[in-house]
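# Chain and residue survey
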Amino acid sequence: AAFVDPAKEVPDVDAALAGARDVVAEIVAERPEVRALVRERFDREGEVRSRAIAAKTKAPTKFEAYYDFAERARAIPSHRFLAIARGEEEGILRVKVAVADEDALAFDVASRVGYRRGSPFAGELKEAVIDATKRLLVPSIESDVRADLKERSDLEAVKVFAENVKKLLLAAPLGRRVVLGIDPGQRTGCKCVVVDDTGKLLEHALINLVAGAEALAAA
């Protein structure tokens, strides 16, 4: 009651307690050990979940496999996560990364910050911790996990693309034909290489060219 002050937008005791819970919730959500606990739970148990937006699925789409989908975040392949992300960008899917039991997560957070059932502040602290977990911690950690998943998936996609490009560039450009390749050079000579119709090296040699009648005679 001592904190009631209409001039400070605290009109009654309930408003004073609500404000106190907000302050406690922010303090809890900012504690490094609490954030580490929630992040560890997301890393271990988090699932990528996607649901279809009904209004956008009246016609067939390429995201039908993800209309009602869930998979562990730590195991989801990069191509699948990127496909789900594209579905979200196109407004066809709703996507989130979540843990199975947020209430149990809130209980773990409460234990970490010293919640005691017999305390005169137990009821208010419990509400503050639940608020901190569900309103502040879970959305924040989910955002971090999704950013990490996106970065991991992008890197993996680039790696796969690079490998495919490498194979394409190393493929026989003329098909199944024997090829003689020459790297011309007057001072250092011409490097000549012959590969068979599978790209296997057959022969290589260095040829020194000459120019003019005197050089030809000397040769």
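Our subject in this report is the structure included herewith. (Residues numbered from 1 in each chain as written. Predicted model: local features only at pLDDT ≥ 70, side-chain atom pairs only at ≥ 80, totals over all residues. Heavy atoms only, no water.)

## Digging into a nonpolar patch on the surface
A contiguous nonpolar surface patch, about 320 Å² in accessible area, is contributed by Phe161, Val165 and Leu169. Secondary-structure assignment places phenylalanine 161 in helix H5 (residues 122–170). (Patch = residues over 30% accessible without salt bridge, like charges linked within 9 Å, V, L, I, M, F, W, Y side chains within 5 Å. Areas by Shrake-Rupley, 256 points an atom, 1.4 Å probe, with all protein chains shown as cover. Salt bridge = Lys/Arg side-chain N within 4 Å of Asp/Glu carboxyl O. Helix = DSSP H or I, 4+ residues; strand = E, 2+ residues; numbered from the N terminus.)

## A few points about the packing of aromatic side chains
Taken as a whole and judged by the stated rule, the model has 1 aromatic pair. With centroids separated by 5.3 Å and ring planes inclined at 90 degrees, the aromatic side chains of tyrosine 66 and phenylalanine 69 adopt a geometry described as edge-to-face. Each of the two residues, tyrosine 66 as well as phenylalanine 69, counts as buried. (Phe/Tyr/Trp six-rings, centres within 6.5 Å; stacked < 30°, edge-to-face > 60°. Buried < 20%, exposed > 50% of the residue type's maximum accessible area, 1.4 Å probe, protein only.)

## Focus: the sheet that holds strand E5 (residues 190–195)
As summarised here, the arrangement of the 3 strands in space is E4-E5-E6, forming an open sheet in which the pairing is antiparallel. Taken across any chain shown, the strands that pair with only one partner, and hence form the sheet edges, are strand E4 (179–183) and strand E6 (201–207). Mean inter-strand twist for the sheet, computed between neighbouring axes without regard to direction, equals 15 degrees. Sheet topology note: the E4/E5 ladder contains 5 bridges and is antiparallel. Considered in E5, the bridge of leucine 180 is made with valine 194. (Pairing = 2+ DSSP bridges. Axes fitted to C-alpha atoms, helices over the stretch in contact; angles between N-to-C directions.)

## A look at the nonpolar core
Val38, Phe42, Val48, Ile84, Val109 and Leu149 are the most contacted members of the largest nonpolar core, which totals 34 residues. Within the residue set of this core, elements represented by two or more residues are helix H1 (13–30), helix H2 (32–45), helix H3 (78–89), strand E3 (93–98), helix H4 (102–112) and H5. The element contributing the most residues to this core is H5, with 8 residues. Look past the residues within four positions of leucine 149 in its chain and what remains in contact with it is Val48, Ala73, Ile76, Phe81 and Val97. (Core = buried A, V, L, I, M, F, W, Y, C linked by side-chain atoms within 4.5 Å. Contact = heavy atoms within 4.5 Å.)

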